[in-house]
Amino acid sequence: MSKNAKIAAGGVAVGIILLIWLPWWAALLIVLGVPAAAYLTLDPAQRRRLRRVTRKEIGR
């Protein structure tokens, strides 16, 4: 199993646990808010690099 697959599986597991323990809207806020906050903490050069890499992978 690749590193990205392990991270994805862990994310799904955490999401399911959050849905059980918290109301659905709180779990949704966490699931969407954490990646958004992480993106906003990047400086502009890192954001440009991330967008460029994402576009290259989409065009494959």
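Residues numbered from 1 in each chain as written. Predicted model: local features only at pLDDT ≥ 70, side-chain atom pairs only at ≥ 80, totals over all residues. Heavy atoms only, no water.

J.: I keep staring at the overall build of the protein and nothing clicks. Help me out?
T.: Along the backbone of the protein there are three helices and zero strands. Reading the helices (α) and strands (β) of the protein from amino to carboxyl end gives α-α-α. Its C-alpha atoms give the protein a radius of gyration of 15 Å, clearly above 10 Å, the size a compact globule of 60 residues would have. Residues classed as buried in the protein amount to 7% of the 60 residues present. (Helix = DSSP H or I, 4+ residues; strand = E, 2+ residues; numbered from the N terminus. Rg over C-alpha atoms; globule rule 2.2 N^0.38 Å. Buried < 20%, exposed > 50% of the residue type's maximum accessible area, 1.4 Å probe, protein only.)

J.: Can you help me understand helix α2 (residues 24-40) in this one?
T.: Helical geometry note: an α-helix holds 3.6 residues per turn, so side chains three or four residues apart project in the same direction. Spanning 17 residues, α2 covers 24 Å between terminal C-alpha atoms, matching the ideal 24 Å at 1.5 Å per step. Along its length, α2 reaches its greatest deviation from straightness, about 30°, at G33, and the proline P35 lies no more than four positions downstream. (Expected span 1.5 Å × (residues − 1). Bend = angle between axes of the 7 residues up to and from the residue.)

J.: Would you explain a positive patch on the surface in this entry?
T.: A cluster of basic residues, R48, R49, R51, R52 and R55, forms a positive patch on the protein surface. With respect to the helices, strands and loops of the structure, R49 is situated in helix α3 (residues 44-58). (Patch = residues over 30% accessible without salt bridge, like charges linked within 9 Å, V, L, I, M, F, W, Y side chains within 5 Å. Areas by Shrake-Rupley, 256 points an atom, 1.4 Å probe, with all protein chains shown as cover. Salt bridge = Lys/Arg side-chain N within 4 Å of Asp/Glu carboxyl O. Lys, Arg positive; Asp, Glu negative; His and termini not counted. Charge placed at Lys NZ, Arg CZ, Asp CG, Glu CD.)

J.: Would you mind going over the confidence of the model for the protein with me for this structure?
T.: Low-pLDDT stretches of the model should not have their predicted coordinates read in fine detail. Scored by pLDDT, the protein comes out at a mean of 84, with 92% of its residues at no less than 70. Looking over the protein, one finds the lowest element-wise mean pLDDT in α3, namely 82, and the highest in α2, namely 86. (pLDDT = per-residue confidence, 0-100.)

J.: Can you walk me through the packing of aromatic side chains in this structure?
T.: In this description, a pair of aromatic rings is defined by centroid distance and the angle of the planes. Here the structure, examined in full by the defined rule, presents zero aromatic pairs. A cation over an aromatic ring shows up here: R47 above the ring of Y39, its NZ or CZ 5.3 Å from the ring centre. (Phe/Tyr/Trp six-rings, centres within 6.5 Å; stacked < 30°, edge-to-face > 60°. Lys NZ or Arg CZ within 6 Å of the ring centre and 35° of its normal.)

J.: Sorry if this is basic, but what is going on with a nonpolar patch on the surface here?
T.: Taken together, the side chains of V12, I16, I17, I20, W21, L22, I30 and V34 present a nonpolar region at the surface, about 810 Å² in accessible area. Those elements that provide at least two residues to the nonpolar patch are α1 (3-21) and α2. Sort the elements by how many residues they give to the nonpolar patch and α1 lands first, with five residues. Among the secondary structure elements, V34 is positioned in helix α2. On the basis of relative accessibility, which here comes to 54%, the residue V34 falls in the exposed class.

J.: Just to check I follow, could you spell out the environment of L50 for this structure?
T.: In this fold, L50 is placed in helix α3. Assessed through its relative accessible area of 41%, L50 is described here as partly exposed. Considered as a pair, L50 and S2 are 48 residues apart in the sequence and their alpha carbons are 21 Å apart.

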